Amino acid sequence: MTLPTSALYTALRDLLRVHAPGATLLASVGKQVLSVRADTAPFETPNGELIPPDAWLDRGQLSWLTRDGALLGLLWSEDAPVPEGAVEILTLLLSAASAEGANREADMLITQLPAPTAWLNADLVFRQVSRTFLELFGLNGTDVVGQPVQTVFPGREDLVQSLTHAASGRAAHFPDEYAVFPARSEAGTGSARAGIWLRGEARPYFGGASAGVLWTLQDISGEREEASRLTALLDGLETPLALLTDAGTVLAASTGLSDLAPATAPALPGTPLWTWPCFADLPSELVRDLVRVAASGGAANGDVPLVSGGTLPLALRRSSTPGLLVAAGLSGRGAGLQASSSVVAQVLALSDAATILLDHAGRAQLVSEQAAQLVGLDAAKLLNLSLSRVLGELGVRLHTPEGDPISIPDLRTLNLPMIRELLVVRPDGVARHMEVRATRVEEGSKPGTLLVLRDLTALRRAQAKMKHDARHDALTGLPNRPGLREHLAAATTPKTGSVVCLDADGFGALNAALGRTACDHLLIQLAARLNDLAGAHGGLAARLADDTFAAHLPHLTSDAAVQAIQAALQVPLRSGRRDVSLTFALGVAHLPADITADAALADAEIAMQHAKRQGRAQTSAFHPGLRASVAEAYELEDALRSAIAGEQFTLLYQPAVRLADGQPFSAEALLRWNHPTLGTLAPSRFLPLASRSDLIMQVGDWVVQEALRGRAAVRAKLPAHIDWRVSVNLSLEELRRSAGLEHLMPLLAQQGAPDIEVSAGSLIDHSQDTLGLLEQLRTHGARLIVDDFGDGASSLTALTRFPLSGVKLHPTLTARLPNDERSLTLVQGTIDLAHRLGLHVTAVGVETQDQLSVLRDLGCDAAQGYAITPPLSAPDLSLWLTERSAAEHTP
């Protein structure tokens, strides 16, 4: 872990300690993302990304620390709300911290660390040590720095082995060790001094330009002395009692607990409680579960079977010392608990509940630990005092569930039984929702009152979270569509400003390239920028869908709103160490006073959809005509879904003939949609709509299968020696999205694939995957042909990179033949180039016999166009071929 600068690290912890003691901070420091809390050491997040954990999104309060559109950190609190002041001052500190401050020389930092610390390189040579390390071992810096660990600590093979373990990349923990070190006098002679207990660990460490091992030591003499005192206190105590670590290891145990073990198998401190031989069925899973519950902060009680017979009612709880648990048996040596009264028996029956027992005068006679924790008080401060009076004096305040303050009632005058929900504010300011049940307890002639408290805070928070989540996006924390609609509906009238909707261009492909986690990080950054921008103008940003956002910018005209959005998104986003530049389709709608919130948002989305259809990085302002245009497009897209099943598609065929002998040898399949009301539609009218969804793959599948059926029908009517071919137009994007027609491969393998025509422009942005798809189709008999070759988007290098069989000249090359000399030269050069590369050349859009003649003279291999025949239906194609065949054989 590369440590941040000492000043920055200390400042972050101090600010958290003062302003948000229970919060966790994820902070971007230099090229790292650190997790910082007030009570624990910071550590670098494993993925190095500024992304909130799932638990932060499920509960608690999450605040963004942003400045100038940059995400600096995330501040999360599970219980108490995050103070606004903490967000502001932490944002200011992280913004002011320079990137180079996080990379200050690590050896300078090491010398200033308060704990005994040593930094060794990968060869276990000391590079730097802290002053406290030198003082602990009575050494001078010159005796250590630059020396191997074997020289400084001779004979410590166990130490060398552990440090070597850490140098290989795995943390090593040293066992507790009692050590006596010589004290170094001014004259340099050593003298003995008192021994101390040490606990150490070694971790892989990366700092500055070097890597190695960070070895830290901790003086635990105080902890050991405390354990010894506890052992002395517990010695001779008949009550079963033990002090444990939160991992369940017994530090000290009373005589009463130790004596429960058989004499042949004495219990030993330093071992887990569930392995103690006094319990039956070792290891005792019940005891292990009790430890686990207590370590997590819960109340743990259970009747544990003993090896000697009977059970031990065992209760575990946290102690006032962090990391320590107390295990207490509720009976001595397995004897049954003798209740002093029926009241106590009732209270113990509710041992898992938060209970307070009052006498007839309203004085607290018994306060369970759970009840004391709920109200935030020490149980000892409540006993034998009037509960109504002492709660107020100690700072406990009561409110209705809605937050209205109420006075603490005289508990002696309550109408019992009673059930009521209250909002209890503890002396430390923490508010908890509680259900209070009060019942009469008969105890002699002076009945008492039993209060049972039930913490409803988690339930109420869950309900509040459900309400919040219904109006907010889980990933970014921005309002979602319902949240934005509520904001717009509640906006001050008359409404002003603009609503902007934006959608990232090509985000699906980016998601596939970078991965979901990286793209989620991009979305969080994008949300932070929009949130900053909207907040600066008194508006609101929202996330409507995956990569679709919206922003309400009051008081800005449509043009000003678009300019503000574009300026905020101009700087690339960050994904790890990579800059990611995104373009967006922007739609903007003015917000007049007489428009509803739903209409304003719908207008901006209509404008955005229009911008998306215009291409990348387009902007569109709403006007009423867009609504009709978008509605027509959606109706057409909806009708397109039923066109395939409704047999509304058909294929026309444009035959091609060899110019050498005039024989037809193939036909290009041309898709048409026979729309029930709009008539025959060309592909340019509906394929762009289909390409926005998986409809394009369904259309492509239908075209391929229908072309194979048409080819089979023609071949059945032609002589066997004629290899009639059919070509279909497919974009490379279609092939990528359908994985090269993978699900049609069995059919293609059986019948042979049709020829595939791809546009010349699509070959410019090729990849290795593209080459693989085309090669796979060629193995199934497809000839690969470049369509529209010779237009402005053609790439000559594609002719050598792809496994091509031929090219089709763009119609503009033949349109000016035969009279334009420059066109003649261009066509001649293109044909010669293709032939040199072994490619078959077909002229497209041939309209006249003169064009046919000159193309034949120029050496063109084939031609298609109205000079030969217009596109034909499948029956007309068969008839045309039959007539041409008959005409050729007529004497």
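Scroll up for the structure.
The shown structure was predicted, so the numbers you read here are calculated from the model rather than taken from an experiment. Counting from 1, residues in each chain are numbered in the order their sequence is written. Totals for whole chains, interfaces and linings use all residues, but because this is a predicted model, local features are given only for residues with pLDDT of at least 70 and pairs of side-chain atoms are given and counted only at 80 or more. In computing side-chain values, all of the structure's heavy atoms are included and hydrogens and water are not.

**Focus on the overall build of the chain**
In plain terms, the rule: In DSSP terms, a helix is any run of H or I states spanning at least four residues, a strand is any run of E spanning at least two, and both are numbered starting from the N terminus. Each residue is assigned to one of three classes by its accessible area relative to the maximum for its type, calculated with a 1.4 Å probe on protein chains only: buried under 20%, partly exposed between the two thresholds, exposed over 50%. For this analysis, residues touch if any pair of their heavy atoms sits within 4.5 Å. Note on areas: Shrake-Rupley, 1.4 Å probe, and residue coverage restricted to the protein chains presented here.
The helix and strand tally for the chain stands at 31 helices and 41 strands. Residue burial in the chain is summarised as follows: out of 891 residues, 45% are buried. Counting only contacts in the chain whose residues sit at least 6 apart along the sequence, the fraction spanning at least 24 positions is 54%. Only carbon and sulfur atoms are counted for the fraction: they give 53% of the accessible area of the chain, which is about 43500 Å².

**Looking at the pattern of salt bridges**
Note the cut-off: Salt bridge, as used here, is a side-chain nitrogen of Lys or Arg placed within 4 Å of a carboxyl oxygen of Asp or Glu.
Applying the stated criterion across every chain yields a total of 26 salt bridges. The shortest N-O distance in the salt bridge between Arg288 and Glu285 comes to 3.2 Å. Linking Arg288 with Glu285, this pair stays in helix H11 (residues 285-295), spanning three residues, or about one helical turn. A relative accessible area of 24% means that Arg288 is categorised as partly exposed. Among the residues examined, Glu285 registers a relative accessible area of 43% and is labelled partly exposed. Measuring nitrogen to oxygen at the nearest pair gives 2.7 Å for the salt bridge that ties Asp755 to Arg725. Taken together, the residues span a long stretch of sequence, with Asp755 in strand E37 (residues 755-759) and Arg725 in strand E36 (residues 725-729) at a distance of 30 residues.

**Remarks on the pairing of strand E33 (residues 649-658)**
The side chains of a regular strand alternate between both faces of the sheet. We count it as follows: Paired strands are those between which DSSP finds at least two bridges.
The element E33 is largely enclosed, with a buried count of seven among its 10 residues. Sheet analysis places E33 next to strand E34 (residues 664-675), joined by nine bridges and oriented antiparallel. When the bridges of E34 are listed, Thr650 appears paired with Arg672. Both E33 and strand E41 (residues 862-864) contribute to a ladder of two bridges, which runs antiparallel. For Val657, the partnering residue across the bridge sits in E41 and is Ala863.

**Digging into the nonpolar core**
Condition: What we call a nonpolar core is a set of buried Ala, Val, Leu, Ile, Met, Phe, Trp, Tyr and Cys residues that are connected through their side-chain atoms within 4.5 Å.
Core analysis: the largest hydrophobic core is formed by 74 residues, its most contacted members being Phe649, Trp673 and Leu855. Apart from the residues lying within four places of it in its own chain, the contact partners of Phe649 are Leu640, Ala643, Ile644, Leu671, Arg672, Trp673, Phe686, Val699 and Trp702.

**As for H11**
Counted only if it meets this: This arc corresponds to the set of directions leading from the helix axis out to the C-beta atoms.
For H11, every residue scored as buried is listed here: Val287, Leu290, Val291, Ala294 and Ala295. The buried residues of H11 occupy an angular sector of 125 degrees when the element is viewed end-on, so they sit on one face.

**As for the sheet that holds strand E24 (residues 431-441)**
Across the sheet, which stays open at both edges, the seven strands sit in the order E20-E19-E25-E24-E23-E21-E22 with antiparallel pairing between neighbours. Looking at strand neighbours, the two that pair on one side only are strand E20 (364-367) and strand E22 (405-406), the edges of this open sheet.

**Observations concerning the packing of aromatic side chains**
Test applied: Stacked, tilted and edge-to-face are the three classes assigned to paired rings of Phe, Tyr and Trp, where Trp is represented by its six-membered ring and a pair needs centres within 6.5 Å; plane angles under 30 degrees give stacked, over 60 edge-to-face, the rest tilted.
Counted under the stated rule, the structure contains 11 aromatic pairs. Between Phe126 and Phe133, the aromatic rings sit 6.1 Å apart at their centres with planes inclined by 50 degrees, giving tilted as the arrangement. Here Phe133 falls in the buried class, since its relative accessible area comes to 0%. Each member of the aromatic cluster is reached from another via a ring pair, and the members are Phe126, Phe133, Phe137, Phe153 and Trp215.

**Digging into the pairing of E20**
Relative to E20, strand E19 (residues 354-358) runs antiparallel, the two sharing three bridges. Bridged to Leu357 within E20 is Leu366.

**Section: the side chain of Arg543**
The cut-off we apply is this: Under this definition, polar contacts are N or O atom pairs within 3.5 Å; protein pairs additionally need one hydrogen-donor-capable and one acceptor-capable atom, and for neighbouring residues in sequence, both atoms have to be side-chain atoms.
Along the polypeptide, Arg543 turns up in strand E27 (residues 540-543). Reaching out from Arg543, the side chain makes a polar contact with the side chain of Asp473 at a distance of 3.0 Å. At 3.1 Å, the side chain of Arg543 forms a polar contact with the backbone oxygen of Ala545. In contact with Arg543, not counting residues within four places along its chain, are Asp473, Leu475, Thr476, Leu478, Pro479, Asn480, Arg481, Leu523, Thr548 and Phe549.

**Some thoughts on unusual backbone geometry**
Cis geometry is adopted by the peptide bond preceding Pro283, which originates at Leu282 and carries an omega value of -10 degrees. With respect to the helices, strands and loops of the structure, Pro283 is situated in the loop between helix H10 (255-258) and H11. The amide bond that connects Leu817 to the next residue, Pro818, takes the cis arrangement and shows omega of 5 degrees. Tracing the backbone through its elements, the reader meets Pro818 in the loop between helix H28 (811-815) and helix H29 (821-836). The phi dihedral of Ala617 is positive, around 55 degrees, even though this residue is not glycine. On the secondary structure map, Ala617 appears in the loop between helix H20 (597-614) and strand E32 (619-621).

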